[in-house]
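This is what each chain is made of:
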Amino acid sequence: MAADELVCVGCGCGCGVWTAMSDDDFMYDDDDGYDFEYEEADEEADEFVGVENKYYNAKALRDDFAEAMREFQAVVGEEGEPGDWGFRATKQMIKLCLREGKHADVLAYYEKMLVFVRTSAVTRNYAEKSINNMLDRVSNSADYNFTMKFYELTLATLKETNNDRLWLRTGLRLAKLLLDQEKYDALKAQLEDLKKVCMDEDGNVILERGTQLLEIYAMYLSMYTALDKAKELKDVFTQCIAIKSAIPHPRVMGLIRESGGKMYMNEHNWAEARSNFYDAFKNYDEAGSPRRIETLKYLVLASMLSESEINPLASPEAKSYQNHPEIAHMTSLVRAYEKQDVSTFEDILDKNQRSIMGDEFIARYMDDLRRTIRMQALVTTVVPYTRIRISALSGKLRIKEPVVEELLVALILDQRLDAKIDQENGILILQQETADHSQYDSLCSWATNIESLLFSSVGILG
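Nothing here was measured: the structure is a model prediction, and the numbers come from that model.

(A) Inspection of the overall build of the protein at higher detail. The helix and strand tally for the protein stands at 22 helices and 5 strands. Counting only residues that meet the buried cut, the protein has 42% of its 462 residues in that class. Carbon and sulfur atoms form 49% of the exposed surface of the protein, whose accessible area is close to 25300 Å².

(B) Molecular detail of the pairing of strand β5 (residues 427-430). Of the two faces of β5, the one carrying I427 and I429 and the one carrying L428 and L430 are both buried. Here strand β3 (residues 387-389) runs beside β5; their pairing, made up of 3 bridges, is antiparallel. Counted as the bridge partner of I388 is L428 from β5. When strand β4 (residues 419-422) meets β5, the two strands line up antiparallel, connected through 4 bridges.

(C) Structural detail: the environment of S391. Checked against the element boundaries, S391 lands in helix α20 (residues 390-397). The sequence separation of S391 and I427 amounts to 36 residues, and the corresponding C-alpha distance is 8.4 Å.

(D) Focus on the environment of T381. Inspection of the secondary structure puts T381 in helix α19 (residues 366-382). For T381 and L397, which are 16 residues apart along the polypeptide, the C-alpha to C-alpha distance reads 9.0 Å. Setting aside residues no more than four positions away along its own chain, T381 makes contact with L393, K396 and L397. Of the polar contacts made by the side chain of T381, one reaches the backbone oxygen of A377; its length is 2.6 Å.

(E) Representation of the packing of helix α12 (residues 270-287) against helix α13 (residues 291-305) within the structure. Between α12 and α13, whose axes approach to 8 Å, the crossing angle comes to 160 degrees. By the angle between their axes, α12 is roughly antiparallel relative to α13. Here the hand of the crossing between α12 and α13 comes out left-handed. Note on element contacts: α13 touches α12 through R291, R292, T295, L296, Y298, L299, A302, S303 and L305, opposite W270, A273, R274, F277, Y278, A280, F281, Y284 and D285. Class assignment of the residues belonging to the contact of α12 with α13 gives a composition of 12 nonpolar, 2 polar and 4 charged.

(F) Expanded view of the packing of helix α3 (residues 84-99) against helix α4 (residues 103-118). In the contact formed by α3 and α4, the axes pass within 8 Å of each other and the chain directions differ by 160 degrees. It follows from the interaxial angle that α3 and α4 lie roughly antiparallel. In terms of crossing hand, the pair formed by α3 and α4 is left-handed. The segment α3 lies against α4, with G86, F87, T90, K91, M93, I94, C97 and L98 engaging H103, D105, V106, Y109, Y110, K112, M113, F116 and V117.

(G) Broad picture of the pattern of salt bridges. Inspection of the entire model under this criterion finds 25 salt bridges. With a closest N to O distance of 3.7 Å, E78 and K54 form a salt bridge. Residue E78 is located in helix α2 (residues 65-79), and its partner K54 is located in helix α1 (residues 43-60); the two are separated by 24 residues in the primary sequence. Residue class for E78 comes out partly exposed when judged on its relative accessible area of 47%. Notably, a salt bridge pairs E346 with R370, separated by 3.2 Å at the nearest N-O pair. Here E346, found in helix α16 (residues 342-351), pairs with R370, found in helix α19; they are 24 residues apart in sequence, far enough to count as distant. Each of E346, D367, R370 and R374 takes part in a single network of salt bridges with overlapping partners.

(H) Quick look at the sheet that holds β4. Spatially, the 3 strands line up as an open sheet ordered β3-β5-β4, and their pairing is antiparallel. In this open sheet, the two strands that pair with only one neighbour each are β3 and β4. The average angle at which neighbouring strand axes cross in this sheet is 20 degrees, direction not considered. Along the sheet, α20 contacts β3, β4 and β5; its crossing angle with β3, the most-contacted strand, is approximately 70 degrees.

(I) Fine view of unusual backbone geometry. The residue N162 is not glycine, and still its phi comes out positive at about 60 degrees. Along the chain, N162 falls in the loop between α6 (144-160) and α7 (164-180). Backbone geometry at E182 places phi at a positive 60 degrees, although glycine is not the residue there. Within the element layout of this structure, E182 appears in the loop between α7 and α8 (184-196). Take E182: its relative accessible area is 55%, and that puts it in the exposed class.

(J) Just the packing of aromatic side chains, in detail. Per the counting criterion, the structure on display carries 17 aromatic pairs. Plain terms: the ring middles of W270 and Y365 are 5.9 Å apart, the flat faces sit at 85 degrees to each other, and that makes the pair edge-to-face. With W270 in helix α12 and Y365 in the loop between α18 (360-364) and α19, the pair connects residues that are 95 residues apart, well separated along the chain. Residue class for W270 comes out buried when judged on its relative accessible area of 15%. Since its relative accessible area comes to 3%, Y365 is described here as buried. Here the aromatic cluster, defined as three or more aromatic residues joined through ring pairs, consists of W270, F277, Y298, F361 and Y365.

Criteria and thresholds
- Residues numbered from 1 in each chain as written.
- Predicted model: local features only at pLDDT ≥ 70, side-chain atom pairs only at ≥ 80, totals over all residues.
- Heavy atoms only, no water.
- Helix = DSSP H or I, 4+ residues; strand = E, 2+ residues; numbered from the N terminus.
- Buried < 20%, exposed > 50% of the residue type's maximum accessible area, 1.4 Å probe, protein only.
- Areas by Shrake-Rupley, 256 points an atom, 1.4 Å probe, with all protein chains shown as cover.
- Pairing = 2+ DSSP bridges.
- Contact = heavy atoms within 4.5 Å.
- Polar contact = N/O pair within 3.5 Å; in protein donor to acceptor, adjacent residues only side chain to side chain.
- Axes fitted to C-alpha atoms, helices over the stretch in contact; angles between N-to-C directions.
- Parallel < 35°, antiparallel > 145°, perpendicular 65-115°, else oblique.
- Left-handed = near helix turned anticlockwise from the far one by under 90°.
- Nonpolar A, V, L, I, M, F, W, Y, C, P; charged D, E, K, R; others polar.
- Salt bridge = Lys/Arg side-chain N within 4 Å of Asp/Glu carboxyl O.
- Phe/Tyr/Trp six-rings, centres within 6.5 Å; stacked < 30°, edge-to-face > 60°.

Below, the structure written as structure tokens:
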């Protein structure tokens, strides 16, 4: 194959995504490299020259499906005992059938390839590399049943050969595929199987499998978040945080912390949500994940809802994203929030409905955010007054009078505002302590202390 020949990515199905691929990517494998050994040819090597030549001749016929298949089958037949060339020929037949969309034949030849693995006809490393290569090709298939059968055959063989490490990796790969395809029933069953091999008989985490267990829990969290199962989400999140023996990839920790942030948002625990979103953002940023942008938006939202005085975009990690197209509008919201400028806040929301409210998660909490900034603005606005009409507050903050009254009642009940409402006249009356009243309180306290000192002195003089 020419080095610059264009082929369809994945399986050659004509999907329209083309790229320049080397021989290794389609009909040629990494293991087909040439190792030059300068030693005398012996009889054993001569026996394989014919099979090797036949193998490479068959590769040259790859454009002719039927002829190439016949030649590769001849390679397997001529080798006799299962060995390296038969294994390679079987792999090529799988690729040819996959290219032609012959899924039943793919499965049949893949079973034959796995016989080589079970009988140790090829080295363990070579077998693992070949299996992963096949899984890469098959995972993009739109035929769900075909893909599941392919994984089923793979996992069964790995279990039979006691290759626990690759079995676990392949199982995690299948779980990720099921999660992406939203096959939640199958995903739950797969995750349960994976979880069992990470725990001992007493239900304790096997020390060296803590990292894999965190990956499993991360997928549980994604599933329960998608299914909106709050109780299950919290149970799994608690188990994640309890694992101390793992050294997870930052992307995995980012996912776990993002799920925790969403869980706390659902509970209206804004401060914990802010903390978890911050950790998620840092991990995603370290991993170079595009999820860092979405998570930063959630961090900004949680920070405003928690009424934190710390600007989340002022941190060293977040500062460079302030002018990012998806973050710029959130930056403007933060500025309006800090100034308690309700009018500007509403204008920003109205002008950027798509970029801000287009995120379903953010839209869910926008009413809470509006309520927060309005209450803050009300508290600040009434400070100079002893009484003020509710209609005046409505005009200042561009909020309807019934909404203003509702917010004032909430502030009074929360003891954030010492006031009462004259509903008949529509007036807010603030209860403000006078300076004289404050002085009387101080004098009373001083007199009480003098009296205590006097009685103490009389007791001593006895």
